[in-house]
Amino acid sequence: MDQLNNFLSPPAAPRDFGFFVDGKWQSGHDFFVRHSPGHGVAVTRTAKCSVDDLNAAVAAARRAFEDRRWSGLPGGSRASVLLRVAEILRTRRDELAYWETLENGKPIAQARGEIDHCIACFEVGAGAARLLHGDSFNSLGDGLFGMVLREPIGVVGLITPWNFPFLILCERVPFILASGCTMVVKPSEVTSATTLILAEVLAEAGLPDGVYNVITGSGRTIGQAMSEHPDIDMLSFTGSTAVGRSCVHAAADSNFKKLGLELGGKNPIIVFADSDLEDAADGAAFGISFNTGQCCVSSSRLIVERSVAREFEALLAEKMKRIRVGDPLDETTQVGAITTEAQNTTILDYIAKGKTEGAELVTGGTAIDLGRGQYIAPTLFSGVSREMAIARDEIFGPVLCSMTFDTVEQAVELANDTVYGLAASVWTKNIDKALTVTRRVRAGRFWVNTMMAGGPEMPLGGFKQSGWGREAGMYGVEEYTQVKSVHVEIGKRTHWIS
Ligand code: NDP
């Protein structure tokens, strides 16, 4: 508890981090200083690595993969390491949450909850390491037996964003490790601390050198070089659709590396008149405000049945006004700071655009001045039409657009009117409507009468331009494997040459 109390103000001086290659800490020559978005003070200093540093990390991951120091172990031994990681994370929960909050601006209580989710990811990953298996074909006749082996794909590059630096990392790393792959990770330059701390944790848990390497630096240099790298077998990228597209081009122009992409979303929340409107309003307020709306699965398009639209918007606005926006280190804060200055500007620009496009501002719509840091009030626009930029673009902020429908058909059509397909939710007490909408809306994650619920057992990923592949659970582990068909002749061969 003492330790926790010490953590509730920003550090007196920024914490220095090296980068991690082949089981060893390296020091940088040039540094990036991160200022806490909630307080505006310097909190961490990380290395700006070079492409040579990246090449050394990829070479270390390649050696570790080829000599089978990790993939050659029984699944049970890999599982033991992952379970030890979960145990160590439990003991370092407050420390990890503190650095996550300082760099990202999210509320400390939320950050702790996220670390708990990360611990569960390692536990599920441990189970997956033991359960990963192939298939067999006993149906090829007496002379032939078929086996399907799952083999690790090789060296994985992992590029993660700044909105959930540790959570997105941990929804991938245990599953990559469960498969037997080795990896090089590049966190977003603005939120590298917890990815680096994980290197310490993994080493302490007994992960062999070279299996997990971290290179820090900007996306434009290190990220781009990773997507072009000829010796990375698979790249898992989470971030904007624009950069996801550039990864596709880079993969095609280099070695056709496999890609896992989790990209943007413009996720619908469909509210029927027969739903529990109090529950739905709470879900909608949470869905757009959680993590300041900087969340790929934020429910940013409210599609509400016309007969209750006014009543529902009033209920929702009243709840949104009561959300506690404040200092991320305050235990009672529900919504913290906007993570980057660029993102803050983007969100405020979209709010201005919504006003000039003619949408009706119901609540919010302004920056909040807390004396330091950057904050935006949860915002609701009503009377939004589908052509407006605020209805089409991923804003990645606490800005909700309300549109209306009269029939199930219209609700589905409006929900699908987007290039994205990451997540969706439906609120109704009518099972027929719930299942019809669930089946027909094109989205990789779906919630019925709930919002952003789930665990690492369930796969994550998107339809359409929200990405390729799935992360987490058994589906996630399988993404990091290749399938090999093995044919075994039984008995004497029937000769081709008689
Ligand atoms: P980016 O897509 O630029 O950043 C995501 C990650 O990709 C970061 O690690 C970044 O590194 C890295 N990156 C940047 N450029 C390249 C590149 N050319 N090649 C490979 N990796 C690269 O997102 P932004 O930070 O610019 O945010 C812009 C928008 O993207 C947001 O407004 C939001 O709409 C969307 N977004 C979606 C996320 C999601 O979870 N789906 C997460 C983050 C953003 P670095 O930060 O060090 O430059």
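Residues numbered from 1 in each chain as written. Predicted model: local features only at pLDDT ≥ 70, side-chain atom pairs only at ≥ 80, totals over all residues. Heavy atoms only, no water.

### Notes on helix α9 (residues 219–228)
Count 3.6 residues to each turn of an α-helix, and residues three or four apart come out pointing the same way.
And then number 1: When α9 is considered as a whole, its buried residues turn out to be I222, G223, A225, M226 and S227.
And then number 2: Buried-residue contacts for α9 involve α2 (51–66), β8 (155–159), β9 (182–186), β11 (234–238) and α10 (241–253). (Buried < 20%, exposed > 50% of the residue type's maximum accessible area, 1.4 Å probe, protein only. Helix = DSSP H or I, 4+ residues; strand = E, 2+ residues; numbered from the N terminus. Contact = heavy atoms within 4.5 Å.)

### Some points on the site of the ligand
And then number 1: Around the ligand sit 25 residues, and of these T160, W162, S188, S240 and E394 come closest.
And then number 2: In this structure, a nitrogen atom belonging to the ligand sits 2.9 Å away from a side-chain N or O atom of Q224.
And then number 3: The protein chains hide 83% of the 850 Å² of surface that the ligand would expose on its own.
And then number 4: The element that contributes the greatest number of residues to the shell around the ligand is α9, accounting for four residues.
And then number 5: Looking at the shell around the ligand, its residues break down into eight nonpolar, twelve polar and five charged. (Near = heavy atom within 4 Å. Polar contact = N/O pair within 3.5 Å; in protein donor to acceptor, adjacent residues only side chain to side chain. Areas by Shrake-Rupley, 256 points an atom, 1.4 Å probe, with all protein chains shown as cover. Nonpolar A, V, L, I, M, F, W, Y, C, P; charged D, E, K, R; others polar.)

### Structural notes on the side chain of S36
And then number 1: Examined against the element boundaries, S36 turns out to sit in the loop between β4 (31–35) and β5 (42–47).
And then number 2: Of the polar contacts made by the side chain of S36, one reaches the side chain of H39; its length is 2.7 Å.
And then number 3: Among the polar contacts made by the side chain of S36, one reaches the main-chain carbonyl oxygen of L102 at a distance of 3.4 Å.
And then number 4: Residue contacts for S36: discarding those within four places in its chain leaves V41, V43 and L102.

### Some details on the domain arrangement of the protein chain
One widely used convention gives an interface's size as the accessible area the parts lose upon coming together.
And then number 1: Entries for the protein chain in the domain assignment read domain 1 (4–263 + 466–484) and domain 2 (267–448).
And then number 2: The partner domain 2 presents 29 residues to the 30 residues of domain 1 that form the contact.
And then number 3: The contact between domain 1 and domain 2 buries some 2300 Å² in all, and 56% of this surface belongs to carbon and sulfur atoms.
And then number 4: Considering only the side of domain 1, the residues that lose the most area to domain 2 are H39, W162 and S466, jointly responsible for 25% of the buried surface there.
And then number 5: For the pair domain 1 and domain 2, the interface holds one salt bridge.
And then number 6: Here E331 makes a salt bridge to R112, at a shortest N to O gap of 3.0 Å.
And then number 7: At the boundary of domain 1 with domain 2, the tally comes to 14 residue pairs in polar contact (both at pLDDT 80 or more). (Domains from an automatic or database assignment. Buried area = accessible area lost by both parts, 1.4 Å probe. Salt bridge = Lys/Arg side-chain N within 4 Å of Asp/Glu carboxyl O.)

### With respect to the packing of helix α4 (residues 93–104) against helix α8 (residues 193–205)
And then number 1: Remark: α4 packs on α8, axes separated minimally by 9 Å, with the N-to-C direction vectors making an angle of 155°. In terms of axis orientation, α4 runs roughly antiparallel to α8. Across the interface between the two elements, E95, L96, W99, E100 and E103 from α4 touch A193, T194 and I197 from α8.
And then number 2: Of the residues in the contact of α4 with α8, the class split is four nonpolar, one polar and three charged. (Axes fitted to C-alpha atoms, helices over the stretch in contact; angles between N-to-C directions. Parallel < 35°, antiparallel > 145°, perpendicular 65-115°, else oblique.)

### Some words on the pattern of salt bridges
And then number 1: Considering all chains together, one arrives at 34 salt bridges under this definition.
And then number 2: Salt-bridge contacts for R63 lead to D22; the nearest nitrogen and oxygen are separated by 3.1 Å. Placement of R63 in helix α2 and of D22 in the loop between β2 (19–21) and β3 (24–26) is noted, with a sequence separation of 41 residues between them.
And then number 3: Overall, R63 belongs to the partly exposed group, its relative accessible area being 44%.
And then number 4: Accessibility expressed as a relative area gives 18% for D22, which makes it buried.
And then number 5: With a closest N to O distance of 2.9 Å, K106 and E114 form a salt bridge. Of the two residues, K106 and E114, both sit in the buried class.
And then number 6: Among the charged side chains, a network of salt bridges with common partners joins R93, D94, R112, D116 and E331.

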